Amino acid sequence: MAKFKYALFYDFHTLTTIPDVGERFDVEKFTDNVKACGVDFLTWHARCNQGNAYYNTKLGSRHPSLKFDLFGEIAKSCRRKGIRLSAYMNGSLSDEEALHHRDWMMIFSDGRTLREPRLTPYVRTLCYNSPYREHLRDMALELIEKYPVDGLFFDCLQKFPCVCEHCAPEMKKMGFDPSKEEDALEFSHFSVNRLCRFLHDALKAVKPDVLLFFNGPSFEEMGDMHSHLECECLPTAGWGYEYLPVMAHYMRTVAGPDRSVLNMTGRFYDWGDFGGLRKEEGIEYDLFYGLANGMRPDVGGHFHPRGDMDQPVFDRIRSLYSNLHQYDSWCDDAVNRPEIAIVFPKSITAIRTDHALQAATRMLTELKLQFNIVTECSDWSSYRLLILPDNVRLSQETAARLKKHLAKGGAVIASAYSGLDPEDKQFVLKGWPVEYKGPTSHDPLYFQPEGPAAANLPDMPLSIYAGGTEVKAARGAKVEMYCVKPYVNWAWDGLRSNYYTPPQEKTTEPFLAVKGKIAYVSGEIFSSYYKLAPYQMRVLLGNLIGRFLPDPKFKSATLPSFARAFVQENKNRELVHVLAYAPERRGAAVALEDRATLVNTELSLRTDGRKVKKVYLAPAREKLPFAVKDGYCTVTVPLIQGYALAVFEY
Ligand SMILES: [Zn+2]
């Protein structure tokens, strides 16, 4: 279990043909720069994804042009300066080692060993079950026995469909079919987890307090083998702006109170980008989002192999971290205790990529609601409302937890296929507002807003832009809205293309049905929001949440949808983090380079019966006049530029 305050992560993947590795490397100047940023945890390469080592190894191959023990010098210097050091080792990629040991390479099902197209660090991938496994372990042991390092970061531990002579026989023994890629991947899932256990056990036996992180596998499956968690997310490099929010609201439920979750963004636009330096405002948004959700800052970079210092990069990081440091006395050990959870008990791959989950996360943050994303690994007893977006089928365990939640008065909002059994036969819970008939036959699907959940929705049939289910009301349920059918479905009818398909009439098929504390929407409103972001889906969701949770922890009548607000507790204080930034699509990219300005922003915090002593803006402690009414303490912040931290002291 490990906690950190400020981290830095460096790539140092270096082509074997680079002739002058380390020639200009000034180790003391480097670690002085790291220290000047206030960093207490550094990850630096011991062995890169090209298979080159940067220390005096007897087992691997030190980069041929490196003339000194670079990693060793850095390790000694970090130890002297009080910086904890994790040694980076790639877990699956290596050119140099594969060139000497072709029998360690993974074999694709068509017999290839090289990946196509070849312009990728993944061109030579090693097999987790070949003798490479022992080689990797022995290099890791060599490091911790020889150098003052605190831990290891094993990278690129993904699933690869290897069918080599080591894998295929074991796959067959376990009942997998090596000729099927999905079987090979499932076996690789098993193999990579076994490799992590193998490395963990060997390293712990020698150094019981070794810090370990395995990048790739499920955090939940790694369990206590992870001393801390790391979230790798460069929003400009394919992760986009939907990924970090999901992981921020999920990973803290896995990490628990004793392990840091590092929020690893990047100083540049993509990994391997030597000439990139993002604007401070862009990186700052990533870091403040993490800070407001209990993550610790970590900025990734790639050091020039010759050792060129790129001082502007350090200047940027120092400026960013100095800014964050100002908030330490409020934010250190602050925790988020939300009352809403999005239930998503699925694989890490689904959590990382599911569009309905991303949309649900986005909608709740736009509504300024406080929430976690939960699987079956954490306790759900503190939530008042559980939300199941679009496609959450119920396992026995999930069903049992929902029953318990409802029995103690909790509420549930579910949409589309959520609530069904894994075979889509029926809704699992007794007391569910509807019975399942099948997928909706309407395409496009419309609904007619009406009743109390239609507040602020236009009185006209609205498009869903996604699918849904056909259901009928269960006994005792109240149907509040109905589906509207089109004249004809979108289709080629043999003669004409039925492209223009207006709504014809309201059906008797429920769109929104409510029974007790369960609200069920038959349309895929979250997938809809992912696709086109029709704001009415968010309004509808907000109305339903408001029915079950009329007194959210935080509300604001003035914050725009793009702003974010997160509430944390820290002893006798509650913190309201406000973020005002708006990533913008620019050509093929999504860019963020400005702090937005908000004026006269109203913030209302539910006080839960406590007496508010004062409210101020950190770090300047600029006092804010406040009024307490109906259980809420309300302040108006005259000016917010990008980020503001309002502190409510009791
Ligand atoms: Zn293999």
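Residues numbered from 1 in each chain as written. Predicted model: local features only at pLDDT ≥ 70, side-chain atom pairs only at ≥ 80, totals over all residues. Heavy atoms only, no water.

## A short note on the overall build of the protein chain
- Tallying secondary structure elements over the protein chain gives 17 helices and 34 strands in all.
- By the compact-globule yardstick of 26 Å for 650 residues, the protein chain fits well, its C-alpha radius of gyration being 27 Å.
- Here the protein chain holds 650 residues, and the buried ones make up 59% of them.
- In the protein chain, once contacts between residues fewer than 6 apart in sequence are set aside, the share between residues at least 24 apart is 75%.
- Positive and negative side-chain charges in the protein chain, numbering 80 and 81 respectively, have mean positions lying 5 Å apart. (Helix = DSSP H or I, 4+ residues; strand = E, 2+ residues; numbered from the N terminus. Rg over C-alpha atoms; globule rule 2.2 N^0.38 Å. Buried < 20%, exposed > 50% of the residue type's maximum accessible area, 1.4 Å probe, protein only. Contact = heavy atoms within 4.5 Å. Lys, Arg positive; Asp, Glu negative; His and termini not counted. Charge placed at Lys NZ, Arg CZ, Asp CG, Glu CD.)

## Overview of the sheet that holds strand β26 (residues 573-579)
- In spatial order, the strands read β25-β26-β34-β30-β31; together these 5 strands make up an open sheet with antiparallel pairing. Where the open sheet ends on each side, the last strands, each with one partner, are β25 (564-570) and β31 (622-623). (Pairing = 2+ DSSP bridges.)

## Looking at the coordination of the zinc ion
- Surrounding the zinc ion are the protein donor atoms Cys127 (SG), Cys162 (SG), Cys164 (SG) and Cys167 (SG), which sit 2.2 to 2.3 Å from the metal.
- The site at the zinc ion holds 4 donor atoms, and with the angles between them running 99 to 118°, its shape is tetrahedral.
- For the zinc ion, the single-chain donor residues occur in sequence as C-x34-C-x1-C-x2-C.
- On the accessibility criterion, Cys162 (5% relative accessible area) is buried. (Donors = N, O, S within 2.8 Å, 3.2 Å for Na, K, Ca; no water. Tetrahedral: all angles 85-135°; square planar, octahedral: opposite > 155°, others 65-115°.)

## As for the nonpolar core
- By size, the foremost hydrophobic cluster in this structure holds 188 residues, and its most contacted members are Phe30, Trp44, Phe71, Leu152 and Phe154.
- If you tally residues by element for this core, the top one is helix α9 (residues 243-255), at 9 residues.
- Filtering out sequence-adjacent residues up to four positions away, Trp44 remains in contact with Tyr10, Phe12, Phe25, Phe30, Leu70, Phe71, Ile74, Leu85, Ser86, Ala87, Tyr88 and Phe303.
- Ranked by size, the runner-up nonpolar core spans 24 residues in total, among them Phe554, Leu603, Val637 and Ala646. (Core = buried A, V, L, I, M, F, W, Y, C linked by side-chain atoms within 4.5 Å.)

## Topic: the pattern of salt bridges
- Evaluation of the coordinates by the stated rule reveals 47 salt bridges.
- In this structure, Arg606 engages Glu339 in a salt bridge whose closest nitrogen and oxygen atoms are separated by 2.8 Å. A residue pair is termed long-range when its members are at least 10 positions apart, and Arg606 in strand β29 (residues 597-606) and Glu339 in the loop between α12 (328-331) and β11 (340-343) qualify at 267 residues.
- Using a relative accessible area of 16% as the deciding quantity, one classes Glu339 as buried. (Salt bridge = Lys/Arg side-chain N within 4 Å of Asp/Glu carboxyl O.)

## Thoughts on the side chain of Thr398
- By secondary structure assignment, the location of Thr398 is in helix α15 (residues 396-407).
- For Thr398, the side chain forms a polar contact with the side chain of Glu376, separated by 2.5 Å. (Polar contact = N/O pair within 3.5 Å; in protein donor to acceptor, adjacent residues only side chain to side chain.)

## A closer look at unusual backbone geometry
- In this structure, Pro117 follows Glu116 across a cis peptide bond, with omega equal to -10°.
- By the element assignment, Pro117 lies in the loop between α3 (95-100) and α4 (132-146).
- Omega for the bond connecting Ala618 with Pro619 falls within 30 degrees of zero, at 0°, which places this linkage in the cis form.
- Note on placement: Pro619 falls in the loop between β30 (614-618) and β31.
- Of note in this structure, Asp424 is not a glycine but carries a positive phi near 60°.
- In this fold, Asp424 is placed in the loop between β14 (411-415) and β15 (434-439).

As far as function goes, none of this settles anything; it's purely spatial.
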